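# Tertiary structure, described
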Amino acid sequence: MELGINIDHVATLRQVRGTDYPDPTTAVKIVEKAGADLITLHLREDRRHISDRDVEIIRAMVSTRMNLEMAATDEMTQIACAIKPHDVCIVPERREELTTEGGLDVCGKLDLLRSMVDELRNAGIRVSMFIDPDASQIEASKSCGAEAIEIHTGTYADSTDDQCRELEFSRIVDAACFAHDLGLKVNAGHGLNYENVSRVANISKISELNIGHSIIAEAVFVGLYEAVSRMKQVIVDAVSE
């Protein structure tokens, strides 16, 4: 089970005051040393946190893998093809949202996404779709040429009702198995924290988790290295159960 650390919120702190610190590139060095398997960052259309310069510098310095989250637009496709991250995850994006809300509607954007995936794969980039745990969206992701999916775990993570939480967890398990059987690499993320991550990490068909907010929040109290190390250990313990 690989752990991707989303460093967007380091850039968010920087942007709040318009300073040049904290520097996301410094975070990359720390989280890789602490055991992260990849670095995830989202270059939003409004550049609210991660900047084009961040993407360029981090791509040049990363020693693990870079996973670039991006909207399904021509601009982002061209940036990705120029930067050539190891992975791209295509996500839904709305200007007014605080964070990504729900999965991408791959079924409703098949023609657009097929063209984007072809262009990205021709540039040597592995492409993933950030989707809800839904069989039709998984099939559409496979159909448009994606090599991986990332299952949106936010509904499971945010649920305060036991019955709803169990239902959502079952959907994640079923989706992971279905996607794996189709030959897709299965990743997961959104809303995962130190308390709820173990069950998801224990799903054998999932090979990568991408986590950001909870780790950066914990780092305020214990430091970034310790926050990443602790999450990595929670995942290792869950996988070995």
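Here, the structure is the one placed above.
Residues numbered from 1 in each chain as written. Predicted model: local features only at pLDDT ≥ 70, side-chain atom pairs only at ≥ 80, totals over all residues. Heavy atoms only, no water.

### Some words on unusual backbone geometry
Convention followed: The numbering of helices and of strands both runs from the N terminus, where a helix is a DSSP run of H or I of at least 4 residues and a strand a run of E of at least 2. Note on exposure labels: buried denotes an accessible area under 20% of the residue type's maximum, exposed denotes more than 50%, and partly exposed covers the range between, all computed with a 1.4 Å probe on protein chains only.
Note that the residue after Tyr21, namely Pro22, is joined by a cis bond; omega there is -5 degrees. Here Pro22 shows up in the loop between α1 (8–17) and α2 (24–33). Here His190, not a glycine, exhibits a phi torsion of approximately 110 degrees, which is positive. Within the element layout of this structure, His190 appears in the loop between β7 (185–189) and α9 (197–201). His190 sits in the partly exposed class, given a relative accessible area of 22%.

### Concerning the packing of aromatic side chains
Condition: Pairing of aromatic rings covers Phe, Tyr and Trp, the last through its six-membered ring, and needs centres within 6.5 Å; plane angles under 30 degrees mean stacked, over 60 mean edge-to-face, and all others mean tilted. Two thresholds decide whether a charge sits over a ring: the Lys NZ or Arg CZ must be within 6 Å of the ring centre and within 35 degrees of the ring normal.
Using the criterion set out here, one finds one aromatic pair in the structure. Centre to centre, the rings of Tyr156 and Phe169 are 5.8 Å apart; their planes meet at 45 degrees, and the pair counts as tilted. Of this pair, Tyr156 sits in helix α7 (residues 154–158) while Phe169 sits in helix α8 (residues 162–181), and the two are 13 residues apart along the sequence. Residues Tyr156 and Phe169 agree in their burial class; the two are buried. Lying over the aromatic face of Phe169, Arg199 brings its terminal NZ or CZ to 3.9 Å of the ring centre.

### Digging into the state of the cysteines
Counted only if it meets this: Disulfide: a pair of cysteine sulfur atoms within 2.5 Å of each other.
Scanning all chains against the criterion turns up zero disulfides. Cys177 carries a free sulfur, and the closest cysteine sulfur to it, the one in Cys107, is 20 Å from it.

### Side note on the pattern of salt bridges
Heads up, the rule is: The term salt bridge refers to a pairing of a side-chain nitrogen on Lys or Arg with a carboxyl oxygen on Asp or Glu at a separation within 4 Å.
Counted under the stated rule, the structure contains 16 salt bridges. Notably, a salt bridge pairs Arg48 with Asp46, separated by 3.3 Å at the nearest N-O pair. Overall, Arg48 belongs to the partly exposed group, its relative accessible area being 24%. The salt bridge involving Asp111 is made with Arg114; its shortest N-O contact spans 3.6 Å. Taken together, the residues span about one helical turn, with Asp111 and Arg114 both in helix α5 (residues 110–122) at a distance of three residues. Looking at Asp111, the relative accessible area reads 63%, which means it is exposed. With a relative accessible area of 31%, Arg114 lands in the partly exposed category. Through salt bridges with shared partners, a single network forms among Glu2, Arg65, Asp87, Arg126, Lys185 and Glu208.

### Some details on the environment of Glu147
Keep this limit in mind: Any pair of residues with heavy atoms lying within 4.5 Å of one another is described as a contacting pair.
If you trace the backbone, Glu147 turns up in the loop between α6 (135–143) and β6 (148–152). Since its relative accessible area comes to 30%, Glu147 is described here as partly exposed. In sequence terms Glu147 and Val186 are 39 residues apart; their C-alpha atoms lie 9.1 Å from each other. If we skip the residues at most four places from it in the chain, Glu147 touches Arg121, Ile125, Arg126, Val127, Leu184 and Lys185.

### Brief notes about the side chain of Thr73
Among the structural elements, Thr73 can be located in the loop between β3 (66–70) and α4 (74–83). Not counting the four nearest positions on each side in its chain, Thr73 is found in contact with Glu45 and Met116.

### Considering the packing of α6 against α8
Which entries qualify depends on this criterion: Fitting a line to C-alpha atoms yields each axis, with helices limited to the stretch in contact; the angle taken between N-to-C directions then spans 0 to 180 degrees. Just so you know how the angles are binned, under 35 degrees is roughly parallel, over 145 roughly antiparallel, 65 to 115 roughly perpendicular, and the rest oblique. In this scheme the handedness of a crossing depends on how the near helix is turned from the far one: anticlockwise by less than a right angle means left-handed, clockwise means right-handed.
Two elements in contact, α6 and α8, have axes whose closest approach is 10 Å; the angle formed by their N-to-C orientations is 25 degrees. Relative to α8, the element α6 lies roughly parallel. Here α6 and α8 pass one another in a crossing that is right-handed. Where α6 approaches α8, its residues Ala135, Ile138 and Glu139 are matched on the opposing element by Ala175, Phe178 and Ala179.

### A word on the nonpolar core
In plain terms, the rule: Among the buried residues, those of types Ala, Val, Leu, Ile, Met, Phe, Trp, Tyr and Cys that are joined through side-chain atoms within 4.5 Å form a nonpolar core.
Counting 73 residues, the largest nonpolar core has Met129 and Leu209 as its most contacted members. Here this core gets seven residues from one element, more than from any other, and that element is helix α11 (residues 224–240). Contact partners of Met129, with chain neighbours within four places excluded, come to Cys89, Ile90, Leu104, Val106, Leu113, Val117, Ser141, Cys144, Ala146, Ala148, Ile149 and Glu150.

None of this, on its own, says anything about what the molecule does.
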